[in-house]
Amino acid sequence: MSLDKETVRKVASLAHIKMTDEELDKYGPQLNNIVGFIEQLSEVDTDNVEPLPSPVDIPLKLRKDEVTDGGYPEDVLANAPEALESFYVVPKVIE
Amino acid sequence: MTELTHMTIAEALKGLENKDFTSVELTQAHIGAIENTRHLNVFVTETPELALKQAAESDKRRTAGDAGLLDGIPLAIKDLFCTKDVQTTAGSHILEGFVPTYESTVTTNLFRDGAVMLGKTNLDEFAMGSSNTTSFFGNVINPWKNQSNPDADLVPGGSSGGSSAAVAARIALGATGTDTGGSIRQPAAFTGTVGVKPTYGRCSRWGTVAFASSLDQAGAFARTVEDSALLLQSMSGHDPMDSTSADKNVPDWASTLQGDIKGMKIGIPKEYRMDGMPDEIEQLWQKGIEWMKDAGAEIIDVSLPHTKYALPAYYIIAPAEASTNLSRYDGVRYGLRVEGENLRDTYESTRAEGFGDEVKRRIMIGTYVLSAGYYDAYYMKAQKVRRLILQDFEKAYEQCDALLTPTAPSAAFAIGEKEDDQIKMYLNDIFTVPANLAGLPGLSVPAGLDKDGLPLGLQILGKAWDEETIFRVGNKIEQAANFTAIPEMVMQKAA
Amino acid sequence: MAQLLQGETGEWEIVIGMEIHAQVTTKSKLFSGSSSKFGAEPNSQVSLVDAAMPGMLPVMNEFVVEQAIKTGLGLQSKINKYSVFERKNYFYPDLPQGYQITQFLHPIVGEGKIEIDLPDGTTKEIGVTRMHLEQDAGKSLHDQHPSKSFVDLNRSGNALMEIVSEPDINSPAEAVAYLSKIRMILRYLETCDGNMDEGSMRADVNISVRKPGNDLGTRCEIKNVNSLKAVQQVIDFEARRQIEVIEDGGEIDQETRLWDPAKNETRTLRSKEDAHDYRYFTDPDLLPLELNDNQIADIKKTLPELPDEKKHRFMDEFGLGIYDASILITERARANYFETVAKNRDSKLAANWVINELLGLLNKNDQGIKDSPISAEQLGGLIDLISDNTISGKIAKDVFAAMYETSADAGAIVEEKGLKQVTDTGAIEKIIDEVIAENPDNVEKYRGGKDKLFGFFVGQVMKKSQGKANPAAVNELLKKKLG
């Protein structure tokens, strides 16, 4: 499989990274190079193999239902590019 | 007395305990060394004031008899660990100016034991790289030089290039790193330092900027195996805030690493003998095998048949996880924001300007392999291959206690080399990536110099949770190799 | 009640499936220790995890697991002993991680079913496809500033249960009954407060139309339907819209639409082409959730009697009709109230007083059973006074009104106001004699055969006794005296 320019554009859009036509032309072949490399995996017989999403083999950790965190809006907002009256502020969302 | 910056951590701890010098003096010496090596671009952020404050507090504790495991030891911290009130960038423009209000578990543990932080070291952007050339804050320069081409600046390896260079350049006694596909072991090999990546789940990932969550593990750089064990002991431990952190006892590895390896079975995986690998590396590996035999270990030939597929599997899994781990960098709550025409444009402009080329490539690959229609062919396939790689190791460990391999397929290369072809760059991690996929501990020990006078490392891989064995084996390599070379730059400075 | 809609080309059937998001009743969030309480100051219930600061990691709330199992059992569903959290990737300012942690391929709860009660007294079974756990998003406020949106993450990371139904619902009334029944069950289980005003329960409605007997039509998903009334309105509007489109020769686009309550219409939010590619995959920060049989069995033991079980028991045990039983089981508190009133008393009389008098009055005042100024014991006391003939049914209504006003016991009010029924025949006879003496003309007419006047005499006697005379005794004595 190789990625055409439109696919690269679509992927960049999904990833929310702005790209000019020139950039799409630059990244396209690089991505194809990598995709070509990872496609080696198709050689491997993986029938009846369970996927391994994590190398740890321990049960999911659970915590008690207690309020132990929060209550520091100043910390939460400390690095905000724009904030007002304890809200984060972003360009208007239009739906 | 050895120059303060040239000691091992173990020696420095003794010196502090004997009152030969104070932590303030030790720290001051390192701050001076840092000032003299700024051209290496090791640090994104230096924290000399904080270091001296911590050193003074350490001296008080020591006087009061309350000294911790690493009390007063000046360390360099990879700028991927969030540090309270100290800028944390992950080597990215998108986090430039980000000052966490919290402290990572790993640095919290180090500070609990009295460590002093000299600053935050440079790294490949979001730890994505093997050369430290993807940092927004510029390349780190390896203190070592290629004697055949002394004018060329070399890479320190990556992604923890600042940390490896700091330890090699004698401007920190030790350093923290993170290793997702070799980002501790490969730079350790490139800089003649010891680098350890523990079992996945040994160190908490809480407060460490995530690259690929199922692969990321914190670890340490030092100049001896013993020092690396001391650092790792401090950094490790169960953390209820990380669901993948294991509730395991942390052994005192430094106290057991001198133990002998007589009768231990050391596996030599035949698939690690790669085409085109420099002879010197092959020879060094053979030397390592001899050293093992000399120490009474038994050498076993083993096979890890899916080794070849580790790298392609890694380059699906790591970018897939990274592509979503990095979605939070959107210019809303912290970090860079580039105002656009509307919200969508603000997102896209922020991420276009905030991320560098390599990060964008990996986000795009990760997005692609997870997207509708490709998921099974790539991501699911890679997860299955990952299982096969783990099973390879499990089978091998039925026959042996640890594996001995080269750490990297080459010595440090010149900055700019391999930049034109991503795959060439990715191949740097060919020997290190399998351990990340399987979650196993690995240690790189400097074992010799090549004909250009550049350090080469040997890697010891262990069973899950058996760091004790790799430290012990590493200690034997260290003794046999007797690696005493230091970069010329450091010798000149010292002279 | 699968009501058919009449179009220009004939009758249409509506096919509806619902996704209900119910906030799990907890103290803290799904993956962080910040409070899940509603209504706090902006960003004051936000942890570093909820704000998705770099390096932050989720840790699962164990109580949410119990609540989910409980809910699954309450929905008569299969509990999956192995479930997995995945990341659902999309960008939105109130989704700090850039992904929602949810369950996709392996939800904690599998197939089940519930019974819904329809207004005509019939019931219908609706299939539950699955229920999974997921994180809630924060809130974006769009009306505070002309060019900016404000983001509050207090809700970000709250635990939600998403309950997905089979497309078994065929009318607005069924949809309302389904949502009501789900809410009732969750409230019984105390796993969700069901408070739709505060957003604790929200629904997405999938609607399609077809000619009866045909294959399923193309569906549209309507987002954020946040009240029972809105469910009704959304389905009414959307079914009509779809029928019109098809009858005008058009096709339905599979799309996501938004309900605009102000304009009473749905409009396109995004078409299928713009549909998100969510790129689901296992969250590497969390390991699979594994449950064992003991854990599930232990939780099963703690389940309360569920609404339908209670309904059938009320019908069997108290001889109530399905209508009365359905009203009484709507909430646990109401059912408990009724049971206290009905205990060792005439259960139909009890049901009548609870439903027609008490609930009638509470509803009129916009109050619930918990606000009742009359306790169940007090209402029982009133019924006792009726049963032992201390007061008449008519007087009882006055006593009830006074109890509602003052919260006093029935006996005290009867005592204080002297409302005790007069059963002493001597006293009643005396009044009758007076009435006969005062109305000689009518006595004559009655005795002359005008039987209808009997009621007049009863009325006069009751009036003179201020309603307190025992009606049966008055009847008997009057008959005797009038001859």
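Predicted, not measured: the structure shown is a model, and the values here were computed from it.

What counts, and at which threshold
- Residues numbered from 1 in each chain as written.
- Chains lettered and ligands numbered in written order.
- Predicted model: local features only at pLDDT ≥ 70, side-chain atom pairs only at ≥ 80, totals over all residues.
- Heavy atoms only, no water.
- Helix = DSSP H or I, 4+ residues; strand = E, 2+ residues; numbered from the N terminus.
- Buried < 20%, exposed > 50% of the residue type's maximum accessible area, 1.4 Å probe, protein only.
- Contact = heavy atoms within 4.5 Å.
- Areas by Shrake-Rupley, 256 points an atom, 1.4 Å probe, with all protein chains shown as cover.
- Lys, Arg positive; Asp, Glu negative; His and termini not counted.
- Charge placed at Lys NZ, Arg CZ, Asp CG, Glu CD.
- Buried area = accessible area lost by both parts, 1.4 Å probe.
- Salt bridge = Lys/Arg side-chain N within 4 Å of Asp/Glu carboxyl O.
- Polar contact = N/O pair within 3.5 Å; in protein donor to acceptor, adjacent residues only side chain to side chain.
- Nonpolar A, V, L, I, M, F, W, Y, C, P; charged D, E, K, R; others polar.
- Axes fitted to C-alpha atoms, helices over the stretch in contact; angles between N-to-C directions.
- Parallel < 35°, antiparallel > 145°, perpendicular 65-115°, else oblique.
- Domains from an automatic or database assignment.
- Phe/Tyr/Trp six-rings, centres within 6.5 Å; stacked < 30°, edge-to-face > 60°.
- Lys NZ or Arg CZ within 6 Å of the ring centre and 35° of its normal.
- Pairing = 2+ DSSP bridges.

Caption draft 1: Fine view of the overall build of chain C. When helices and strands are counted, chain C shows 15 helices and 17 strands. Overall, the C-alpha framework of chain C stretches about 95 × 55 × 50 Å when taken along its three principal axes. Within chain C, the fraction of its 483 residues that count as buried is 56%. For chain C, restricting intrachain contacts to residue pairs at least 6 apart in sequence, the fraction spanning at least 24 positions comes to 67%. Carbon and sulfur atoms make up 47% of the accessible area of chain C, which amounts to about 21,000 Å² in all. Averaging the locations of the 58 positively and 77 negatively charged side chains of chain C gives two centres separated by 4 Å.

Caption draft 2: Focus on the interface of chain B and chain C. Between chain B and chain C, the residue contacts involve 38 residues of the former and 29 residues of the latter. Roughly 2,800 Å² is buried in total at the junction of chain B and chain C, and carbon and sulfur atoms are behind 58% of that figure. Taken as a group, Ser243(B), Arg328(B) and Arg333(B) account for 22% of the area that chain B buries against chain C, more than any other trio of residues on that side. When the shortest N-O distance is used, the salt bridge between Arg205(B) and Asp285(C) registers 3.1 Å. The interface formed by chain B and chain C includes 16 residue pairs in polar contact (both at pLDDT 80 or more). Among the secondary structure elements, those contributing two or more residues to the side of chain B that touches chain C are helix 10 (310-325), helix 11 (343-354) and helix 12 (357-370) of chain B. Considering every element that reaches the side of chain B that touches chain C, the biggest residue donor is helix 10 of chain B, with four residues. Among the residues making up the side of chain B that touches chain C, the classes are represented as 19 nonpolar, 12 polar and seven charged.

Caption draft 3: Structural context of the packing of helix 2 (residues 172-189) of chain C against helix 5 (residues 307-318) of chain C. Residue and element names in this part refer to chain C. The interhelical angle for the contact between helix 2 and helix 5, taken along N-to-C directions, is 95°, at an axis separation of 9 Å. For the element pair helix 2 / helix 5, the angle class is roughly perpendicular. When helix 2 is examined against helix 5, the residues Lys181, Met184, Ile185 and Tyr188 are found in contact with a partner set consisting of Pro307, Asp308, Lys310 and Lys311. Counted by class, the contact of helix 2 with helix 5 contains four nonpolar, no polar and four charged residues.

Caption draft 4: Highlighting the environment of Ala169(B). Residue and element names in this part refer to chain B. Structurally, alanine 169 can be placed in the loop between helix 5 (161-168) and strand 4 (174-179). Alanine 169 gets classed as buried once you look at its relative accessible area, which sits at 0%. Along the sequence, alanine 169 and alanine 382 sit 213 residues apart, while their C-alpha atoms lie 39 Å from each other.

Caption draft 5: Representation of the domain arrangement of chain C within the structure. Residue and element names in this part refer to chain C. Splitting chain C by domain gives domain 1 (4-299), domain 2 (303-417) and domain 3 (425-482). A straight line from the C-alpha centre of domain 1 to that of domain 2 covers 36 Å. The interface is formed by 14 residues belonging to domain 1 together with 16 residues belonging to domain 2. Of the roughly 1,200 Å² buried at the junction of domain 1 and domain 2 (both faces included), carbon and sulfur atoms supply 61%. The largest contributions to the domain 1 side of the interface with domain 2 come from Glu115, Met184 and Tyr188, which together make up 49% of the buried area. Viewed at the interface, domain 2 and domain 1 are joined by three salt bridges. For the interface between domain 1 and domain 2, the tally reads six residue pairs in polar contact (both at pLDDT 80 or more). Put simply, the parts of the chain that give the side of domain 1 that touches domain 2 at least two residues each are helix 1 (62-74), strand 7 (112-117) and helix 2.

Caption draft 6: Representation of the packing of aromatic side chains within the structure. According to the stated counting rule, one finds 32 aromatic pairs over all chains in the structure shown. Here Phe400(C) and Tyr404(C) contribute two aromatic rings whose centre-to-centre distance is 6.4 Å and whose plane-to-plane angle is 40°, an arrangement assigned as tilted. One end of the pair, Phe400(C), and the other, Tyr404(C), are both in helix 10 (residues 393-406), four residues apart, so they sit about a helical turn from each other. When its relative accessible area of 13% is taken as the criterion, Tyr404(C) is described as buried. The lysine or arginine in question, Lys418(B), covers the ring of Phe413(B), its NZ or CZ lying 4.6 Å from the ring centre.

Caption draft 7: Fine view of the side chain of Thr5(B). If you trace the backbone, Thr5(B) turns up in the segment before helix 1 (9-17). Filtering out sequence-adjacent residues up to four positions away, Thr5(B) remains in contact with Ala29(B), His30(B), Ala33(B), Arg170(B), Leu173(B) and Arg223(B).

Caption draft 8: Region of the structure containing the interface of chain B and chain A. The interface of chain B with chain A comprises 70 residues on the first partner and 53 residues on the second. Area buried by chain B at its contact with chain A is led by Met364(B), Tyr368(B) and Lys381(B), which between them contribute 12% of it. Put simply, chain B and chain A have four salt bridges between them. For Lys26(A), the salt bridge goes to Asp357(B), with nearest N and O atoms at 2.9 Å. One can count 26 residue pairs in polar contact (both at pLDDT 80 or more) joining chain B with chain A. It is helix 13 (residues 376-399) of chain B that provides the largest number of residues to the side of chain B that touches chain A, a total of 11 residues. Looking at the side of chain B that touches chain A residue by residue, the classes come out as 32 nonpolar, 19 polar and 19 charged.

Caption draft 9: Broad picture of the pattern of salt bridges. Residue and element names in this part refer to chain B. Overall, the coordinates contain 63 salt bridges over all chains when judged by the stated rule. Glutamate 467 is the salt-bridge partner of arginine 202, the closest N and O atoms lying 2.7 Å from each other. Placement of the pair is arginine 202 in the loop between strand 5 (194-197) and strand 6 (217-222) and glutamate 467 in helix 16 (residues 467-481), with a sequence separation of 265 residues. The class for arginine 202 is buried, based on a relative accessible area of 3%.

Caption draft 10: Structural context of the environment of Ala322(B). If you trace the backbone, Ala322(B) turns up in helix 10. Sequence separation between Ala322(B) and Ile94(B) is 228 residues, and the spatial gap between their C-alpha atoms is 15 Å.

Caption draft 11: Looking closely at the sheet that holds strand 2 (residues 74-78) of chain B. Residue and element names in this part refer to chain B. Ordered by their spatial adjacency, 11 strands build an open sheet running 1-3-2-4-6-5-10-11-9-7-8, and the pairing between neighbours is mixed. Two strands close off the open sheet at either side, each with one partner strand: strand 1 (43-46) and strand 8 (298-302). Each adjacent strand pair in this sheet contributes to an overall mean axis angle of 30°, direction not counted. Judged from the five bridges that link them, strand 4 and strand 6 form a sheet pairing that is antiparallel. Considered in strand 6, the bridge of threonine 178 is made with alanine 218. Against the sheet, helix 16 engages strand 5, strand 7 (265-269), strand 9 (402-406), strand 10 (442-449) and strand 11 (455-462), with an angle of about 5° to strand 10.

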